[in-house]
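As a plain string of letters, each chain reads:
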Amino acid sequence: MNAFDFLTKDRIRAPEEGITMMLDKGMGPNMVEDFLEISGPYVDLAKLGWGTSAIHERELIKYKIDTYLSNDIIPYPGGTLFELAYIRDKFDEFLTEADELGFKAIEISDGTVDITPEERNRIIGEVKDVGFMALTEVGKKDPKKDHHFTAIDRVNLVTLDLEAGADKVIIEGREGGKDLGIYNNKGDVKEEDVQVLMDYLDVKKLIWEAPQKNQQAYLILKFGSNVNLGNISPDEITSLETMRRGLRGDTLGKVDL
Amino acid sequence: MNAFDFLTKDRIRAPEEGITMMLDKGMGPNMVEDFLEISGPYVDLAKLGWGTSAIHERELIKYKIDTYLSNDIIPYPGGTLFELAYIRDKFDEFLTEADELGFKAIEISDGTVDITPEERNRIIGEVKDVGFMALTEVGKKDPKKDHHFTAIDRVNLVTLDLEAGADKVIIEGREGGKDLGIYNNKGDVKEEDVQVLMDYLDVKKLIWEAPQKNQQAYLILKFGSNVNLGNISPDEITSLETMRRGLRGDTLGKVDL
Amino acid sequence: MNAFDFLTKDRIRAPEEGITMMLDKGMGPNMVEDFLEISGPYVDLAKLGWGTSAIHERELIKYKIDTYLSNDIIPYPGGTLFELAYIRDKFDEFLTEADELGFKAIEISDGTVDITPEERNRIIGEVKDVGFMALTEVGKKDPKKDHHFTAIDRVNLVTLDLEAGADKVIIEGREGGKDLGIYNNKGDVKEEDVQVLMDYLDVKKLIWEAPQKNQQAYLILKFGSNVNLGNISPDEITSLETMRRGLRGDTLGKVDL
């Protein structure tokens, strides 16, 4: 039983909704244990960011993966590691290794490298065939390149990925949440762009990378408590869950549960 | 005995002064233990920020409260949780639960909801009567609403709270320290506003929320080592204590102990 | 063996190059243990920032120093503590205490106090004679004072320190990386200033304080994977190592190993 339980309601979620994706950029085992005890129930996906898993011991990565899985959290390696394997022509080895380590999802992105739509379509299919959850990401990591996309371009890319079988599509925000995707160079939300995505897409299929509190609050107020959010720092998981439930000033009295 | 003790002096404090209030926004038990070992002696009050305690297990919250208390740190739940209880008409249950969990102070704020001065006065009295330390907070969490207050308005609000029996009054700064209270939208101190508060109030009765280093340094240089400061992140407690003692560049040679 | 090892190469380093200096601003023992397990191999120097070691128990500081040393990391106290000892005329006691605690390097700086070139020269020699590694730092902690230095002034100061026997010279960036040294008030790199330092100095002799990711990425792309970088937060060590190895979008495909 939670403290002050007479003041709160559980958050009722459909299986596809209310997802919180956490960005693990290299937590040690004590921190993982601590994090799970305090925030474990509020996380669904754990991304071992970009190529971080490739500079740590296999045994440590396996231990972290097992720990996440036994807490009902699905771990997956960052998209940049997939991109590196792809351009090195080692995609099959990458899938095999991810499976051996215990990862249950794969992120398919082209944040840094270029991949043709046909290739991307084929890869999504292969990832699904092998039995992984397929997460794709739309957006470029270099702001100059990302600025070439209009909101409608993003709608089209998301649509292609979903048609190819992606389980969810992540809207790129990086760790910083600035000057990319739906954020301007101050980190404020570009509201018209969000509206375009909302008009043409099923928001339940999207995971918005939203590392900053103002971004999380905006998206919760716009789409409700159960909007899917990602790139949340481990020490912000508690804060995010309170915002989803109207337990922080930013959303108090403004969300329904 | 501390390392390099021939270079330092203890910080001599009157009971009412030199208070450091730490913002715990969801630390796990390993982190709390670690934090107390390294920074425990430098913290007086631990706020379990906003509604965070309401999404954690009672047993975990009790354990954290006990741990703080046995290290001479007074824990209390964030003001937003009080506000939620107040608007839900569950203030008495809130006080009972806070007492059963072991909290020793209550924060009375109206950062998000509206409370009449008469109600606020009555609540402060009730909190004191039940035996809690009464901390009140002056300021609104939404910058647009907070901007309606002049410095003199804040003086008047603080004065009312003190007359009603508040032990300390907290000047709102939130977790970010921007565009609220005594801070402009860059996080710089609005010096004229601080001067007005200083001219009309007993600074010993105030706790300034000062999450950013430049804010802490400004207030230490203005009011001395033993200014009361709050909303300090757990991993900034050591840094703050070094600034209070002239052990960091910002205050070296500029503070008396 | 690391996870995904078929995608990565070890970083080959000459003894003088590729140094990562980590800023410990008061980690507790659990965090140190955790940090070493996940990031220990990627750190060479651990600075107990400014005067932080002087507010912690000798036994705790000794324990942390021993732990760092047994992981092949050289610990040293922050320059501000040296400066304080110097102006208090307690430099010899400072060296003795540093040695007794187990520190293996000393930072000689004048970020806050003034020291004549002759004095600085003499101190560097004394530090070396006693058997410490001598790290010096160039730059002032107060932006107004630091702005008096041209890039050529910095070249001259570095040159004097190296002639006096300094093992490495640190280019000041503080914890924030703004408005100081090679950074403008937004934290962007002043590229012309870096070019001047590069033209006149042996870059292998420098350690660039670079707390922000964009700064780390710039310096890696400019000088290669094995540029010496400092003031890296413990939880950014993994990220930095991935950038050095082209495992993050910022450097993928742009660094040679």
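Keep in mind it's a predicted model, so treat the numbers as computed, not measured.

What follows concerns helix H2 (residues 58-70) of chain C. For H2 of chain C, which comprises 13 residues, the first-to-last C-alpha distance of 18 Å matches the rise-based estimate of 18 Å (1.5 Å per residue) to within 8%. Residues of H2 of chain C that are buried: Arg58, Leu60, Ile61, Lys64, Ile65, Thr67 and Tyr68 of chain C. Each element contacted by the buried residues of H2 of chain C is listed here: helix H1 (29-39) of chain B together with strand E1 (20-24), helix H1 (29-39), strand E2 (45-48), strand E3 (74-77) and helix H4 (91-101) of chain C. Phi turns positive one or two residues past the end of H2 of chain C, at Asp72 of chain C, with a value near 60°.

All right, on to unusual backbone geometry then. Residues and elements named next belong to chain B. Its identity is not glycine, yet Phe4 carries a phi of approximately 50°, on the positive side. For Phe4, the position within the fold is in the segment before strand E1 (20-24). Although it is not a glycine, Asn231 sits at a positive phi angle of roughly 55°. For Asn231, the position within the fold is in strand E8 (residues 229-232).

This part covers the pattern of salt bridges. Under the definition given, this model contains 75 salt bridges over all chains. Two residues, Lys25 of chain B and Glu236 of chain A, come together in a salt bridge whose shortest N-O distance is 2.4 Å. You can see Lys25 of chain B sitting in the loop between E1 and H1 and its partner Glu236 of chain A sitting in the loop between strand E8 (229-232) and helix H10 (237-244), one on each of two chains. No difference in accessibility class separates Lys25 of chain B from Glu236 of chain A, as the two residues are buried. One salt bridge connects Lys47 of chain B with Glu209 of chain B, and the closest N-O pair in it is separated by 3.0 Å.

A separate point is the packing of helix H9 (residues 213-223) of chain C against helix H10 (residues 237-244) of chain C. All names here are of chain C. Taken N-terminus to C-terminus, the directions of H9 and H10 make an angle of 25°; their axes are 10 Å apart at the nearest point. One element, H9, and the other, H10, form an angle in the roughly parallel class. Two packed elements cross with a definite hand, and for H9 against H10 that hand is right-handed. Of the residues in H10, those touching H9 at Lys213, Gln216, Ala217 and Ile220 are Leu240, Met243 and Arg244. Across the contact of H9 with H10, the residue classes break down as four nonpolar, one polar and two charged.

Here the focus is the relation of the copies chain C and chain B. Under the fitted operation, chain C is carried onto chain B by 0.0 Å of movement along the axis and a turn of 120°, and the coordinates agree to an RMSD of 0.0 Å. Those values place the two copies in the arrangement expected of a three-fold rotation axis. When C-alpha positions in chain C are compared against the rotation axis, the closest is assigned to Asn30 of chain C, at 4.2 Å. Each copy contacts the other with its own distinct surface, as only 3% of the interface residues of chain C are interface residues in chain B too.

Time to look at the interface of chain C and chain B. Where interface size is quoted, it is often the accessible area lost as the parts come together. Across the boundary between the two partners, chain C contributes 38 residues, which contact 26 residues of chain B. Counting the surface lost from both chain C and chain B, the interface buries some 2800 Å², and carbon and sulfur atoms represent 62% of this. Looking at the side of chain C facing chain B, the largest losses of area belong to Lys25, Trp50 and Ile55 of chain C, adding up to 22% of the total buried there. Taken together, chain C and chain B are joined by three salt bridges. Among the salt bridges present, the one from Arg248 of chain B reaches Glu175 of chain C, with a minimum N-O distance of 2.9 Å. At the boundary of chain C and chain B, one finds 18 residue pairs in polar contact (both at pLDDT 80 or more). Listed by contribution, the elements that provide at least two residues to the side of chain C that touches chain B are H1, H2, helix H3 (79-87) and H4 of chain C.

What counts, and where the lines are drawn
Counting from 1, residues in each chain are numbered in the order their sequence is written. Lettering for chains starts from A, numbering for ligands starts from 1, and both go in the order in which the items are written. In keeping with the model being predicted, local features are shown solely for residues with a pLDDT of at least 70 and side-chain atom pairs are shown and tallied solely at 80 or more, while totals for entire chains, interfaces and linings include all residues. To get the side-chain values, all heavy atoms of the structure are used, and hydrogens and water are removed first. Each helix is a run of DSSP H or I of at least 4 residues and each strand a run of E of at least 2, with the numbering of both proceeding from the N terminus. In a helix, the anticipated span is given by 1.5 Å times the number of residues less one. Relative accessibility under 20% of the residue-type maximum defines a buried residue, over 50% an exposed one, and the middle range a partly exposed one, all with a 1.4 Å probe and only protein chains included. Should any heavy atoms of two residues lie within 4.5 Å, those residues are considered in contact. One side-chain nitrogen of Lys or Arg within 4 Å of one carboxyl oxygen of Asp or Glu is enough to make a salt bridge. Here an angle of 0 to 180 degrees is reported between the N-to-C directions of two axes, which are lines fitted to C-alpha atoms, with helices fitted over the stretch in contact. Comment on the angle field: the value is read as roughly parallel under 35 degrees, roughly antiparallel over 145, roughly perpendicular from 65 to 115, and oblique elsewhere. Crossing handedness follows the turn of the near helix against the far one: under a right angle anticlockwise gives a left-handed crossing, and clockwise gives a right-handed one. Here the term charged refers only to Asp, Glu, Lys and Arg, the term nonpolar to Ala, Val, Leu, Ile, Met, Phe, Trp, Tyr, Cys and Pro, and the term polar to all other amino acids, Gly among them. Least squares is the method used to superpose the copies, on C-alpha atoms of residues holding a pLDDT of at least 70 in both. Two parts placed together each lose some accessible area under a 1.4 Å probe, and the buried area is that loss summed for both. The term polar contact refers here to a pair of N or O atoms within 3.5 Å; inside protein, the definition further demands a hydrogen-donor-capable atom paired with an acceptor-capable atom, and it admits residues adjacent in sequence only when both atoms are side-chain atoms.

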